[in-house]
Structures are given as structure tokens and as C-alpha cells.
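So the chains spell out like this:
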Amino acid sequence: MTATLGWLRRQLAGIVALVLVLGLFMVARLPSVSAAEQDTMASKYAFQPMSIALPPAPKQQSIRPVNKTYEHIRAWISSVGAGIAMADLSGTGKPKDLCLVDPRSDQVVVTPVPTSGQRYAPFALDVAPLPTNPNVAPMGCVAGDFNEDGRTDLMVYYWGRTPVVFLAKADATRFDATAYAPVELLPGDNRAKDGTYNGPKWNTNAATVGDFDGDGHQDIFIGNYFPDSAVLDPNAEGGVQMNQSMSHAPNSGGKHIFRFTGASAGAKPTATFAHEPKAIPEALQMGWSLAASATDVDGDGLPELYIGNDFGHDRMLYNKSTPGHVEFAEVNGVRGIADPKSKVIGNDSFKGMGVDFADLNHDGLYDMYVSNITTSWGIEESNFQFMNTAKDTADLRAKLRQGEAPWTDRSAEAGTAWSGWGWDVKIADYNNSGDSVITQATGFVKGQVNRWPQLQELATSHDGLLSNPFWWPNLRAGDDIGGDQTLHFFAKSPEGRYVDLAPKLGLAVPVPTRGIAVGDPDGSGLLDFAVARQWEAPVYYHNVSQKPGKFLELELTTDAAKSAGPLPAPGTPAIGAEVTVTTADGKKYIDRVDGGSGHSGRRSHQVHFGLGETVSGPLNVHLQWRDRTGQLRQQDLKLEPGCHMIQLGTQAIQEGM
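Residues numbered from 1 in each chain as written. Predicted model: local features only at pLDDT ≥ 70, side-chain atom pairs only at ≥ 80, totals over all residues. Heavy atoms only, no water.

Per an unreviewed UniProt entry, the protein carries the name CRTAC1 family protein and comes from Amycolatopsis samaneae.

What follows is the structure, given as C-alpha cells:
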């Protein structure tokens with residue numbers, strides 16, 4: 001026996017290598033989906049591309065001014081900033097509005113979705129009377145009712161300053177820029193003598209909203225990318241840096257939790273938040289953040305937080321908060337004998353550029369998809385399709401409390417591992433088949449000169465060189481890295497393997513894309529989506545799919561009073577409310593009112609389920625939410641397929657009942 005164990009120890013390296021080789025062989029020989037079957041799958045979807053109306057722009061640019069130290073990598077520094085969100089901003093009762101961040105003009109634009117007509121003139125939000133300066137650029141916007149008056153507000157985050165919350169004014173008579181009052185998320189003395197902004201130089205690329213402490217009010221997460229520095233100041237030289245490593249860089253901007261503390265409505269609305277510097281463990285506050293999601297994965301009414309970090313470990317944070325006190329703890333995956341280290345939650349060295357949660361296999365548990373860089377003959381990492389391996393919700397909760405994140409990557413087997421330079425991702429059912437599509441933005445910098453070889457050389461450089469921009473290879477206007485990569489549309493085949501149908505659906509336009517916003521503005525039961533593209537015009541894809549399945553679509557709002565005024569108030573979206581649908585055949589569907597998952601794209605506050613063609617109602621619908629006092633509420637309803645508006649207070653009340 002001793003001799004046998006000794007032999008096994010000596011052969012362990014070879015055994016592990018053999019297991020890995022066999023595993024890769026099995027992945028390589030996975031059956032592909034035939035062209036004919038792809039045609040059949042694609043025939044079930046159809047999208048009409050539409051232009052998005054924009055206001056006049058004071059400037060047009062195709063690359064950003066940057067700190068002099070960054071001049072030779074100016075295109076790299078200019079590679080982010082396009083963002084888009086879909087929401088009900090104008091009070092129609094449906095998400096008929098878009099908030100678009102356009103890097104070509106550095107405007108934050110509010111505009112009608114193209115299918116809703118020109119109900120108002122598109123306009124750009126104005127940060128005045130708050131201070132700003134020419135070295136500030138918007139990066140994204142998140143919709144929510146931040147002062148709880150029933151009107152939808154917008155939070156905009158930037159490079160070069162702290163975020164601004166644009167609160168809808170109750171006395172506004174026209175829906176234009178004057179309908180919003182900008183307030184600082186982080187108040188302070190940030191105005192220079194000349195009136196320009198001179199506060200903290202945050203460089204934010206991740207944000208999301210959720211009731212982190214369970215007190216019945218929405219809180220805010222902000223994740224910064226570059227360290228606080230003058231990244232976009234062309235008159236400055238120095239004081240900036242790049243990542244210290246391609247796989248474990250800690251020298252980033254910080255992570256910030258803002259806990260709701262009070263608000264007021266009216267002509268001069270307010271919203272105040274307490275900065276909670278100890279909510280996230282200090283060791284986890286570093287990381288070049290590009291994505292975030294706040295989703296209650298274990299059903300206790302407190303959202304967990306996933307932070308996608310470039311150049312190193314993503315973070316999965318378990319929520320241990322109590323009212324008035326926000327506290328997160330790290331949870332990590334368990335590495336199996338055949339699992340590469342970077343495919344384990346909390347241990348990856350990949351790029352963490354987009355994230356979304358959904359139940360992909362209808363077991364009643366959330367799975368998740370994470371975008372990374374996956375370019376053949378470039379930097380070929382892997383996307384993550386993390387499938388939940390817990391037995392049930394109770395088992396999941398027990399594992400999380402023990403510090404274990406029971407998700408395992410199945411992207412290679414599923415066919416979703418490789419796509420390109422990944423960014424935002426949204427999981428949604430576009431033809432109501434009952435199976436969701438994984439829509440992913442890809443592409444980096446578009447130009448004429450291929451710079452992949454230089455980037456590969458940089459990726460293998462000594463970590464000691466990376467933080468100094470001097471050692472980075474040139475990446476200027478006209479250079480190209482993944483510039484012809486396209487949107488991906490991963491649909492599930494009958495055999496369970498995913499196929500990118502974007503080329504067959506006319507979605508594979510060779511333009512770098514960044515943010516994806518999803519919603520059903522016209523209440524047709526078919527989800528549209530809008531795409532923000534870096535240095536190109538955004539595009540709206542109207543869903544015209546034929547013969548879709550049945551659906552259930554919920555508009556969930558709280559029972560907070562709507563502030564009276566000349567313009568309609570749609571109600572406060574019940575961000576974080578969880579919905580479970582069980583069909584007659586025992587199939588489960590789960591989803592939530594999302595507070596802003598992803599990179600720079602945000603879905604609407606609707607909860608939408610595709611149910612297939614054979615489902616019959618009424619449906620068993622279980623709702624869970626926190627009321628305004630923070631008490632966790634649950635209620636079971638019987639609902640027919642279709643659209644429903646439900647107000648959540650001490651109980652769930654259907655509109656019209």
C-alpha cells in the first residue's frame with residue numbers, strides 16, 4: 001500500500017496533465033451545430049436596426065485629449081466611455097427613453113426610443129450649477145428613483161470627478177434639461193477660485209444600485225478604474241500610472257458604497273448618502289473595475305455584489321449587512337483537479353469587463369456570465385459561464401456563509417468561451433422561447449494598423465515595467481486592436497450548445513461595441529435592445545421576431561407616494577424585488593428588478609420571462625421584496641401570461657384591482 005501511494009505521488013504531475021489533455025480533447029470534439037440548424041434557429045429571431053436621435057453637439061471628436069504621459073497610448077486611454085440605459089424617464093409607464101453617453105461629444109443625452117416617436121426633443125444633461133472642467137468626461141449612467149418621489153432620476157459617473165445625481169424636479173413643466181437638478185453624490189468643497197471643479201479625480205467605470213443594508217432604501221456602489229489622477233488633462237504631465245500587472249494589479253482606483261440617508265422632493269429635490277469606507281474589506285477595495293452587479297443570489301433579501309476587475313481577480317462579495325450597517329465578505333470558488341486557476345471565482349487573472357446574472361438552466365438558482373478578452377492569435381483568455389452547482393437555495397446560502405461560491409465555469413462546453421475583446425453582456429429571452437440569449441459587446445480600438453503583436457509582447461513583459469506608461473508600445477489614432485469585432489448573440493440550440501447567430505441576424509457589424517440596454521418599451525412582449533458603440537453612432541434594434549412564445553412581463557413599483565407636478569411620475573421602481581415563476585410542468589423561472597448590472601449598459605426595470613409556446617395560465621408567481629420600512633415581504637399570485645403592473649407595499653396590489 002505504501003509503495004502504491006509513493007508511486008501515485010511520483011506520477012501525480014503526469015496524471016494531472018493527462019486529465020487536462022483529455023479534458024481539452026473532449027471540449028475540442030464537442031459537437032458543432034450544423035449550418036442548416038443555425039438557419040432554423042436564426043429564423044425565430046428578427047431585428048430592425050434604427051437610428052437614435054441625438055441633439056446638436058458642441059464638439060465632435062474621435063479620440064480623447066489625455067495626460068502628456070499617456071500621449072503615445074492615447075487610443076488605449078480613449079477606448080471606453082460609450083454607455084446606454086433604457087428606462088421610463090418621461091413618465092409613460094413604459095421604458096420609452098434612453099440615457100446615452102456619447103464619447104464623440106462627451107454629452108449625456110436623454111432621447112426617446114426610436115419606436116416611440118419624437119415625443120420630445122433629445123437633450124443633453126447639464127451639470128451646472130455644479131462645477132466641472134474640460135478634463136472631465138462622462139462614462140455611464142444609471143437610472144433609479146434616488147429621492148423616492150416616484151420620478152426616475154439619473155446618476156452619471158465620470159473620469160475626472162465624482163458622480164452626479166440628476167434628480168427630476170416635481171415642478172418641471174417641460175421634459176428637457178431644465179427638468180433635472182444635479183446634486184453631488186459625494187458633497188464637499190470641490191470648486192476652485194475660477195469656478196471649475198477641483199475635487200477628487202475619480203475615474204469610474206462601474207456602478208450599480210441596490211438596497212445593500214436592507215432598510216428599504218436604495219444604496220449605490222461605485223467602482224473606479226485608474227487611481228485618482230488627471231488622466232484626461234492634456235496640460236498635465238505625470239502623476240498617472242498604468243496597471244502594475246496584467247494578472248494581479250492592485251494599484252487602481254477605489255471601491256465605494258454610498259448608503260441612503262435621506263431625500264426630499266419638489267422644485268429643489270435632494271438625496272443624501274453616507275459614504276461607507278469599511279463596507280468592503282480593505283484588501284478587496286483595489287482592482288481596476290469595469291463591471292458590477294448587485295443581485296440577491298441566495299434569496300435573503302440582501303443583494304450580493306459581483307465586481308469585475310481588469311488585470312486581476314474579480315470579486316464575489318456575500319452580503320452580511322444589517323439596517324444602517326453595510327458589510328460584505330469575500331466568497332471564493334473551490335478549485336477542482338481539472339480546473340485552471342483562472343476559472344475559479346475569486347482567483348481569476350482575466351479581465352472582468354462585463355457581468356450579468358440569470359437562471360440559464362431553470363433550476364431556480366442564478367448562474368452568471370462574465371466577459372473577458374478571448375481573441376484568437378491575440379490575448380485568448382476565456383469568458384466565464386458560471387453555472388450554479390448548489391443543490392437548492394438553502395444549500396447555496398450555507399455555502400456562501402462558509403465563504404464558498406458554488407459556481408463552476410462551463411463556457412467551453414456551452415460554446416460561449418470565446419468571442420473577442422468582451423465588454424457588456426445582457427442575458428434575455430428575445431423570442432419568448434423559454435431559453436435566454438447571451439448578448440455580448442466586443443471590440444477594442446478600430447484603425448488601420450494592427451497592434452496585436454505589440455500588445456502580446458506587452459502582456460508577456462515583466463510586471464515591474466507595466467505601471468510606467470513609458471514602457472507601453474504606441475497605440476495612437478489609426479492603430480487597431482480588435483477593431484473589426486462584432487456584437488455576439490449566443491442562442492441555445494436544442495442540444496444545449498450555444499451558437500452565435502449575430503452574422504445571420506445582421507447584428508455582426510464590425511464596429512467596437514460597449515454597452516447594451518434591454519427592454520420592452522411598447523409592451524408588445526418582445527424585448528428590444530440598444531447598443532452604445534465606441535466612436536460610432538449608437539444603434540437601436542427593434543424586435544420584429546415572428547411567432548414568438550408566450551411571456552410574462554411585470555412592472556413592479558413601490559407604494560411610495562408620487563410627487564405631484566405638471567409632468568407624470570411613473571412610480572419608484574422596486575429595485576431588488578425577486579420574481580419566481582413556476583409553470584404547470586414544474587419549470588422554474590427567476591429574475592429581479594435589476595439595479596444596473598453590466599459594464600456601461602443598463603436594462604430597463606421591467607421583469608420579463610419568455611415562457612415558450614405551450615405554457616398555459618394562470619401562472620404561479622412568487623414575489624419577494626422589502627417594503628419601505630425594510631421588512632421582507634412575500635406573496636404568491638396567480639397571473640395570466642402578458643403584461644402586469646403591480647405595486648409593492650405591505651402587500652402586492654395589481655393595478656386596476
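There's plenty left to go through after this.
Colleague: Explain the sheet that holds strand β28 (residues 513-519) to me, and be specific about the residues and the numbers.
Modeller: Pairing in this open sheet of four strands is antiparallel, and the strands run β1-β30-β29-β28 from one edge to the other. In this open sheet, the two edge strands, each paired with only one partner strand, are β1 (47-51) and β28. Shown here is a sheet whose adjacent strand axes are inclined to one another by a mean of 25 degrees, direction ignored. In the sheet, β28 pairs with strand β29 (residues 528-533) via six bridges, with the strands oriented antiparallel. Each residue of the ladder has a partner; that of Ala517, found in β29, is Ala530. (Pairing = 2+ DSSP bridges. Helix = DSSP H or I, 4+ residues; strand = E, 2+ residues; numbered from the N terminus. Axes fitted to C-alpha atoms, helices over the stretch in contact; angles between N-to-C directions.)

Colleague: Hey, could you go over the sheet that holds strand β16 (residues 315-319) for me, with residue numbers and the actual values?
Modeller: An order of β14-β15-β16-β17 is seen for the four strands of this open sheet, with the pairing classed as antiparallel. Of all strands in the sheet, those with a lone pairing partner are β14 (288-295) and β17 (328-331), marking the two edges. Pairs of neighbouring strands in the sheet enclose a mean axial angle of 25 degrees, with direction left out of account. By the bridge criterion, four bridges tie β16 to β17 in an arrangement that is antiparallel. Residue pairing in the sheet places Leu317 in a bridge with Glu330 of β17.

Colleague: Which residues make up helix α6 (residues 452-459), and what are the values?
Modeller: When we look at burial in α6, the residues that qualify are Trp452, Leu455 and Leu458. Seen along its axis, α6 keeps its buried residues to an arc of 120 degrees; they face one direction. Of the surrounding elements, those touching the buried residues of α6 are α3 (74-77), β24 (449-450), α7 (463-466) and β25 (479-480). (Buried < 20%, exposed > 50% of the residue type's maximum accessible area, 1.4 Å probe, protein only. Arc of directions from axis to C-beta. Contact = heavy atoms within 4.5 Å.)

Colleague: Residues and numbers for the packing of aromatic side chains, please.
Modeller: Enumeration according to the criterion identifies 31 aromatic pairs in this entry. The interplanar angle of 75 degrees and the centroid separation of 5.0 Å between the aromatic rings of Trp76 and Phe444 together place this pair among those described as edge-to-face. With Trp76 in helix α3 and Phe444 in the loop between β23 (437-442) and β24, this residue pair connects regions lying 368 residues apart in the sequence. Judged by its relative accessible area of 3%, Phe444 is buried. (Phe/Tyr/Trp six-rings, centres within 6.5 Å; stacked < 30°, edge-to-face > 60°.)

Colleague: So, the state of the cysteines: which residues are in play, and what are the values?
Modeller: Throughout this description, disulfide means a covalent bond between two cysteine sulfur atoms. Across all of its chains, the model carries one disulfide by this definition. Covalently, Cys99 is tied to Cys141 through a disulfide, its sulfur atoms 2.4 Å apart. Here Cys99 and Cys141 share a disulfide; its torsion about the S-S bond, -140 degrees, makes the bridge left-handed. Note that Cys99 is positioned in strand β3 (residues 97-102) and Cys141 in strand β6 (residues 137-144), a separation of 42 residues in sequence. Residue Cys99 shares its accessibility class with Cys141, and that shared class is buried. (Disulfide = S-S within 2.5 Å.)

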